[in-house]
Amino acid sequence: MKLILAIVSSDDSRDVLDRLTKAGYRATVISTTGGFLREGNTTLLLGAEDEKVAQAVDVVRQTCRRRTQWVSPLPTLEGPGLEMSEPIEVSVGGAVVFVLGVEQFIQT
Ligand code: 2BA
Ligand code: 2BA
């Protein structure tokens, strides 16, 4: 058995969880914070049989694609008045996945 630890964008967490549970995976979801940006992300813990790991990673890869999105930053309060900023392109999505060996799985 393996423990898949997948850190995903909170925007993608509902979709990826829906797809994983539909595919028969069991999961635990933790709200986490990225150490660099200090913004919320979501960590999924999935205990799965070795032969089911690749399919779970595929689901994560397909659902949490890294893509770009145009966003309009909030107006700043600096300067003479409320300055409307130009939309900027930001990178969203993606996933960081660790696969760990499980020594024991105990359910009481
Ligand atoms: P990613 O590398 O895609 O990482 C997304 C989030 O995944 C990270 O959020 C962190 O929560 C987790 N993560 C990534 N690698 C990890 C690892 N080896 N161990 C444990 N958790 C890990 P943040 O830390 O807020 O980082 C957000 C994004 O900022 C990163 O996206 C990366 O593009 C950039 N970044 C992070 N650290 C950086 C650094 N030291 N210098 C430059 N850019 C950095
Ligand atoms: P939940 O995912 O909310 O599941 C609650 C209970 O619902 C489960 O109890 C199980 O009785 C049932 N259940 C869950 N998925 C099912 C499915 N696909 N088909 C039929 N019944 C299902 P437990 O098995 O005692 O699990 C309690 C909690 O432990 C789970 O909450 C989940 O957070 C975690 N968990 C269990 N197995 C896991 C695994 N392989 N990987 C990660 N987390 C797991």
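For every chain, the first residue of the written sequence is number 1, and numbering continues from 1 along that sequence. Written order determines the labels here, with chains lettered from A and ligands numbered from 1. Totals for whole chains, interfaces and linings use all residues, but because this is a predicted model, local features are given only for residues with pLDDT of at least 70 and pairs of side-chain atoms are given and counted only at 80 or more. The side-chain figures draw on all heavy atoms in the structure; neither hydrogens nor water molecules are used.

Some words on the overall build of the protein
Helices and strands together make up the secondary structure of the protein, namely two helices and six strands. Sequence-ordered secondary structure for the protein, helices as α and strands as β, is β-α-β-β-α-β-β-β. By the compact-globule yardstick of 13 Å for 108 residues, the protein is too spread out, its C-alpha radius of gyration being 18 Å. With respect to the principal axes defined by its C-alpha atoms, the protein has extents near 65 × 25 × 20 Å. Categorising residues by exposure relies on relative accessible area from a 1.4 Å probe, with only protein chains included: less than 20% of the type maximum marks a residue as buried, more than 50% marks it as exposed, and the intermediate range marks it as partly exposed. Looking at the protein as a whole, 23% of its 108 residues are labelled buried. When contacts within the protein are restricted to residue pairs at least 6 apart in sequence, long-range pairs at least 24 apart make up 65% of them. To qualify as a helix, a DSSP run of H or I must reach at least 4 residues; to qualify as a strand, a run of E must reach at least 2; elements of each kind are numbered from the N terminus. Radius of gyration: C-alpha atoms only; globule rule: 2.2 Å multiplied by the number of residues to the exponent 0.38. Residues are treated as being in contact if the distance between any of their heavy atoms lies within 4.5 Å.

A short note on the site of ligand 2
The nearness test applies per residue and asks whether one of its heavy atoms lies within 4 Å of the molecule or strand. Residues in contact with ligand 2, as listed here, are R26, A27, T28, L45, L46, G47 and Q107. Separating an oxygen atom of ligand 2 from a side-chain N or O atom of T28 is a distance of 2.8 Å. Accessible surface is estimated by sampling points in the Shrake-Rupley manner with a 1.4 Å probe; for residues, cover comes only from the protein chains shown. Protein contacts shield 42% of the accessible area of ligand 2, which totals 750 Å² for the unbound molecule. Among the elements that take part in the shell around ligand 2, strand β3 (residues 40-48) stands out by supplying three residues, more than any other. Polar here means any residue other than Ala, Val, Leu, Ile, Met, Phe, Trp, Tyr, Cys and Pro, which are nonpolar, and Asp, Glu, Lys and Arg, which are charged; Gly is therefore polar. Considered class by class, the residues forming the shell around ligand 2 number three nonpolar, three polar and one charged. In protein, a polar contact requires one atom able to donate a hydrogen and another able to accept it; more generally it is a pair of N or O atoms within 3.5 Å, and residues adjacent in sequence count only if both atoms are side-chain atoms.

Details of helix α2 (residues 53-63)
Turning to α2, its buried residues are V53, A56, V57, V59, V60 and T63. Along α2, the residues classed as buried sweep out an arc of 155° about the axis, all on the same side. Exposed positions of α2 whose direction lies more than 90 degrees from the buried face are A54 and R61. Against β1 (2-8), α1 (10-22), β4 (67-71) and β6 (95-101) lie the buried residues of α2. Of all possible arcs, the one meant is that of the directions from the helix axis to the C-beta atoms.

Notes on the packing of α1 against α2
Where α1 meets α2, the axes come as close as 10 Å, and the angle between the chain directions of the two elements is 145°. For the pair α1 and α2, the crossing hand works out as right-handed. Of α2, the residues touching α1 (which contributes D12, D15, V16, R19 and L20) are A56, V59, V60 and T63. Helix axes are fitted only over the stretch in contact, all axes being lines through C-alpha atoms; the angle between N-to-C directions runs from 0 to 180 degrees. For any helix crossing, the convention is left-handed if the near helix is rotated counterclockwise from the far helix by under a right angle, and right-handed if that rotation is clockwise.

Some points on the sheet that holds β3
Read across the open sheet, the four strands follow the order β2-β3-β1-β6; overall the sheet is antiparallel. Each of the sheet's edge strands pairs with one partner strand only, and the pair in question is β2 (28-33) and β6. Shown here is a sheet whose adjacent strand axes are inclined to one another by a mean of 20°, direction ignored. Sheet strands in contact with α1 are β1, β2 and β3, and its direction is about 20° off that of β3. Two strands qualify as a pair provided DSSP detects at least 2 bridges between them.

Distances and angles like these do not, on their own, reveal function.
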